[in-house]
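# A look at the structure
Each chain is listed here by its residues.
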Amino acid sequence: GINAEYMGHEYWDERYKANDTTFDWFVSYEPLKDILAPLVKPEYRILMVGCGNSRLSAQMYDAGYQNIVNVDISEVCINQMKARYKELDKMEWLVKDCAKLDFPDASFDLVIDKATTDSMLCGANSFHNVYQMNKHLARIMKKGAHFVCITYGQPDTRIDHFRRKKLNWEVEHKTVDKPVFSSDSAPSSNYHVYVMTKGEETQEDDDDEDDDDEEDDDFYDKFQANANIQ
């Protein structure tokens, strides 16, 4: 069922307080290398959205990609990670709500989300929150920048979120094999990776915010209809 607490920082703070360690949802850097390599350069500014206590940033840092900004809703987690990786001092660790990102426009070359969209989709107002996050990501990405989303969600449950017109993203779907020793009981043998590329700017309407709720409702109805057809 839906866990309305899943999105809240209290839930995550408690979870991290109980266990100051690292944990990777799905996969760490190694299986993603081939997908990420063509999309990233050492000088790129990278946003790790909903970083959690994953080792992915540290592993990318060791591979030469050091201009990484890590954000998470949990202050406990951010403080733990800042302390754990204090030698990796070119990286930043910031407490931020992914649905309300306040970075300047066009300030990142690459955005990576591993399991943040998934956890948002388990929470209350899930479609709306994911759309808010994606709109911010589209805004803060440079033209031609990439957003890589690693998820357990198959295309019929995810791709429409990324294809929303206002986001102006080209969307590509790839898969990575699950690690052989994965304890994940999900039936499929791979995880899904969506690679979004930011297109040319389109003309924005000024009354942008007003039609969001209506647009969300339309999107939800269409999404449900498609899901029922599957």
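Look above for the structure.
This is a predicted model, so every value here is computed, not measured. (Residues numbered from 1 in each chain as written. Predicted model: local features only at pLDDT ≥ 70, side-chain atom pairs only at ≥ 80, totals over all residues. Heavy atoms only, no water.)

## Some points on the pairing of strand E3 (residues 92-95)
Here four bridges tie strand E2 (residues 68-72) to E3, and the two strands are oriented parallel to one another. Bridged to Val69 within E3 is Glu92. Running through helix H4 (residues 75-84), the crossover from E2 to the neighbouring parallel element E3 is right-handed. (Pairing = 2+ DSSP bridges. Helix = DSSP H or I, 4+ residues; strand = E, 2+ residues; numbered from the N terminus. Right-handed = clockwise from strand over helix to strand, strands pointing away.)

## Topic: the pattern of salt bridges
Under the counting rule described, the total for this entry stands at 11 salt bridges. Residue Lys100 is joined to Asp97 by a salt bridge in which the shortest nitrogen-to-oxygen separation is 3.9 Å. Judged by relative accessible area, Lys100 falls into the exposed class, the value being 61%. In this structure Asp97 comes out as partly exposed when scored by relative accessible area, which is 22%. In this structure, Arg139 and Asp105 form a salt bridge, with 2.7 Å as the shortest nitrogen-oxygen distance. (Salt bridge = Lys/Arg side-chain N within 4 Å of Asp/Glu carboxyl O. Buried < 20%, exposed > 50% of the residue type's maximum accessible area, 1.4 Å probe, protein only.)

## Overview of the nonpolar core
Core analysis: the largest hydrophobic core is formed by 36 residues, its most contacted members being Leu32, Ile46, Met60, Ile112, Val148, Ile150 and Val193. At the level of elements, helix H1 (9-17), helix H2 (29-36), strand E1 (46-49), helix H3 (56-62), H4, strand E4 (108-114), strand E5 (141-151) and strand E7 (190-198) are the ones that each hand at least two residues to this core. Setting aside chain neighbours within four positions, we find Val148 in contact with Leu36, Leu39, Leu110, Val111, Ile112, Asp113, Val193, Tyr194 and Val195. Among the nonpolar cores identified, the runner-up in size contains 32 residues, and Cys98, Phe108, Leu121 and Phe127 belong to it. (Core = buried A, V, L, I, M, F, W, Y, C linked by side-chain atoms within 4.5 Å. Contact = heavy atoms within 4.5 Å.)

## Digging into H2
Inspection of H2 places Tyr29, Leu32, Ile35 and Leu36 among the buried residues, and these make up the whole buried set. For H2, the buried positions fall inside an angular range of 110° around the axis, keeping them on one side. The exposed residues of H2 that point more than 90 degrees off its buried face are Glu30 and Asp34. In this structure, the buried residues of H2 make contact with H3, E4, E5, strand E6 (169-177) and E7. (Arc of directions from axis to C-beta.)

## Considering the environment of Ala83
Along the chain, Ala83 falls in helix H4. Taking the C-alpha atoms as reference points, Ala83 and Trp93, separated by 10 residues in sequence, lie 10.0 Å from one another.

## Description of the packing of H1 against H4
Packing of H1 against H4 brings their axes to within 7 Å, and their N-to-C directions diverge by 40°. One finds that H1 runs oblique with respect to H4. Touching Asp13, Tyr16 and Lys17 of H1 are Glu75, Val76, Cys77 and Gln80, all from H4. Split by residue class, the contact of H1 with H4 holds three nonpolar, one polar and three charged. (Axes fitted to C-alpha atoms, helices over the stretch in contact; angles between N-to-C directions. Parallel < 35°, antiparallel > 145°, perpendicular 65-115°, else oblique. Nonpolar A, V, L, I, M, F, W, Y, C, P; charged D, E, K, R; others polar.)

## Things to note about unusual backbone geometry
If you check the backbone angles, Ala106 has positive phi at about 50° while not being a glycine. Mapped onto the fold, Ala106 is located in the loop between E3 and E4. Looking at Ala106, the relative accessible area reads 41%, which means it is partly exposed. Of note, the phi angle at Ala115 is positive, near 80°, even though the residue is not glycine. By secondary structure assignment, the location of Ala115 is in the loop between E4 and helix H5 (116-121).

## Here we look at the side chain of Asn53
Within the secondary structure, Asn53 is located in the loop between E1 and H3. With a relative accessible area of 7%, Asn53 lands in the buried category. Only 3.0 Å separates the side chain of Asn53 from the backbone oxygen of Thr21, close enough to count as a polar contact. (Polar contact = N/O pair within 3.5 Å; in protein donor to acceptor, adjacent residues only side chain to side chain.)

## Brief notes about the sheet that holds E4
Here we have seven strands laid out as an open sheet, ordered E3-E2-E1-E4-E5-E7-E6, and mixed in their pairing. Each having just a single partner strand, E3 and E6 make up the two edges of the open sheet. Ignoring which end each strand starts from, the neighbouring axes of this sheet average 20° apart. Bridge count for E4 against E5 is six bridges, and the pairing is parallel. Across the sheet, residue Phe108 finds its bridge partner in E5, namely Met141.

What is shown is where atoms sit, not what they do.
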